[in-house]
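# Structure at a glance
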Amino acid sequence: MTQRFQIEDLIAQDASGVVFRAVDVQTDTVVAVRRFFPFGADGGGLNEEQQAAYNIAVGRLSGLNHPSMRSVIAGGCDPIDGMPFIATEWILGKPLRSYLENQPLKPAEAINVITRALEVSELLSHVLAEEGIWVETHVQTIVVGDEGSGRGVTFWISPLKWLSGKDEHSSLDAIVTLTEELMGWKGQTVTDNAGRGLGGWLKWLRRAANTTTLGEAREMLAASTGMEPPTPSKQLVRQAAARPSIPLKLTKVRKKKSVNGMLVTILLLFLTAGGLVGWAIYRKDPNEPKSGGGLAELAAQIAREDAEKLAESAKPTAAATPELSPELREVAAAMEASERAAEPEKQPAAPAPETAKAGGVFQPRDPQIFQQEGQNVVVEGVIAKLDSSKSGKTLYLLFSDSPNSEEARGAILLSKAAADLNEAFLTTLVGKKVRISGRLELQTVFSNRRPEVTLSNRAAIEVVP
């Protein structure tokens, strides 16, 4: 990290890590470098397996650009201590919190901020193959770009949430909190018509935060507030590949003095050893406005971005489709296949493969099972173990101790499954030969597609003598 990025100033620090302003010596541009403490200030770095996964995620994020997201330039893990870091574009602006010091945002401004948070999170969810709020939603970390920056509301990507293994990111509670803070509604009961319909949407989201999807939340927000329908997910991916990031040239803000590489190393070691002063110590601009107004520029910028999107979507398909990076091409292909499977029954179902005709039962590693996406199937095998998702909301029946991405497995979403289909019962199936039956879905995990049979009750599991 210290070879490519020359640290110039410490911008922020808290218990999760530090943020530096730095110079990318390869491009001579100013960047923001974040060094994370995944296990706290006194904890260590990532192990070898975690580092490999983190590097894959950073590689995919590096192919994305969105006007409301800091584009990822590079990232990795320190070879000495395993601490992960990420370098993103530098955005000149002020934290959104400074606009909220004396009064809440206007409804239109709040709706736009929330829309951007949901949109960027859905984009990142497709790339990371796991739905969640992948941006920082604290108003201190959300930046409103200065005039001339070409940016409106801009969010940090939060890979620390991805690293943590906790399930907080999968809930939309963070969006509930953000909405309440933007509108000054914390702890208040609001009417459906409050905030141009935002109040009704917030009441719905408070109830549905743990069960709804980002797509549903975006659609409900648009319907409740009278906005145009949200941009489809596939179009989000293509736009993200087409939009170039806007690097900040070095001559605009670079200090005359530089920091010696050895001093940078000492500084990083000191911070890693526990030199954190406290939570969220940010350096503020003494000329920062103290009023809650001044978001007219923000609203105008967002309006311009929306107009650009509308104009771009109106172009002929051949002219509007950008050349995708290899990573995003995989994501787009998987999304297209998923959309085709979700379409109404316009065509007759494909004939069953030979394996199904021979008795209607598939083996877990039968390659022909991939042809049955969206169909009800029966899979037979000996249950090797029970596993769960990182969030703990889904349990899996695995047919081998180390299944590959092509092996079918049973999936039980606990919030929707019958009460008798619980972990205690499923544990009794380990070591037994069973037949599981249900709808087959192909879940995208990075570049692989894993077959999953959705199970909703005990009748979907038959123990074979």
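Just so it is clear, the structure is predicted and the values come from calculations on it, not from any experiment.

Looking now at the overall build of the protein chain. Secondary structure summary: the protein chain contains 14 helices and 17 strands in total. Within the protein chain, buried positions represent 48% of all 465 residues. Pairs at least 24 residues apart make up 66% of the contacts formed inside the protein chain by residues separated by at least 6 positions. For the protein chain, the accessible surface area stands at approximately 22700 Å², while carbon and sulfur atoms represent 52% of it.

Overall, antiparallel pairing links the three strands, which are arranged β6-β7-β8 in an open sheet. Both outer strands of the open sheet, β6 (93-95) and β8 (153-154), are each paired with one neighbouring strand and no more. Sheet topology places strand β7 (residues 143-145) next to β8; two bridges connect them, and they run antiparallel. Paired with V143 across the strands is T154, a residue of β8.

With that settled, the discussion passes to helix α4 (residues 173-183). Taken as a whole, α4 has its buried residues at I175, V176, L178, T179, E180, L182 and M183. Against the buried residues of α4 lie α2 (107-128) and α5 (198-208). Of the residues flanking the end of α4, it is G184, one or two places downstream, whose phi is positive at about 70°.

Here we take up unusual backbone geometry. Residue A129 is not a glycine yet carries a positive backbone phi of 60°. Looking at where A129 falls in the secondary structure, it is placed in the loop between α2 and β7. A relative accessible area of 31% places A129 in the partly exposed class. For R196, which is not a glycine, the phi torsion comes out positive at approximately 60°.

In a regular helix each residue adds 1.5 Å, so 22 residues correspond to 32 Å; α2 covers 31 Å between its end C-alpha atoms and thus fits that length. Where burial is concerned, most of α2 is hidden: 19 out of the 22 residues are buried. Where α2 ends, the next residue or the one after it, A129, has phi of about 60°, a positive value.

Turning to the pairing of strand β14 (residues 409-413), a few remarks are in order. If a strand is regular, its side chains alternate between the two faces of the sheet. Of all five residues in β14, four are buried; the element is thus mostly enclosed. Here four bridges tie strand β13 (residues 394-398) to β14, and the two strands are oriented antiparallel to one another. Its bridge partner being in β14, L395 is matched across the sheet by I412.

Moving on, we come to the packing of aromatic side chains. Overall, the coordinates contain zero aromatic pairs when judged by the stated rule. Over the aromatic face of W90 sits the side chain of R21, whose NZ or CZ is 5.8 Å from the ring centroid.

As enumerated under the stated definition, the model contains 15 salt bridges in all. One salt bridge connects R206 with E180, and the closest N-O pair in it is separated by 2.9 Å. Highlighted residues: R206 in helix α5 and E180 in helix α4, separated in sequence by 26 residues. Residue classification places R206 among the partly exposed residues on the basis of a relative accessible area of 32%. Residue E180 is classed as buried on the basis of its relative accessible area, which comes to 13%.

The rules behind these values
Residues numbered from 1 in each chain as written. Predicted model: local features only at pLDDT ≥ 70, side-chain atom pairs only at ≥ 80, totals over all residues. Heavy atoms only, no water. Helix = DSSP H or I, 4+ residues; strand = E, 2+ residues; numbered from the N terminus. Buried < 20%, exposed > 50% of the residue type's maximum accessible area, 1.4 Å probe, protein only. Contact = heavy atoms within 4.5 Å. Areas by Shrake-Rupley, 256 points an atom, 1.4 Å probe, with all protein chains shown as cover. Pairing = 2+ DSSP bridges. Expected span 1.5 Å × (residues − 1). Phe/Tyr/Trp six-rings, centres within 6.5 Å; stacked < 30°, edge-to-face > 60°. Lys NZ or Arg CZ within 6 Å of the ring centre and 35° of its normal. Salt bridge = Lys/Arg side-chain N within 4 Å of Asp/Glu carboxyl O.

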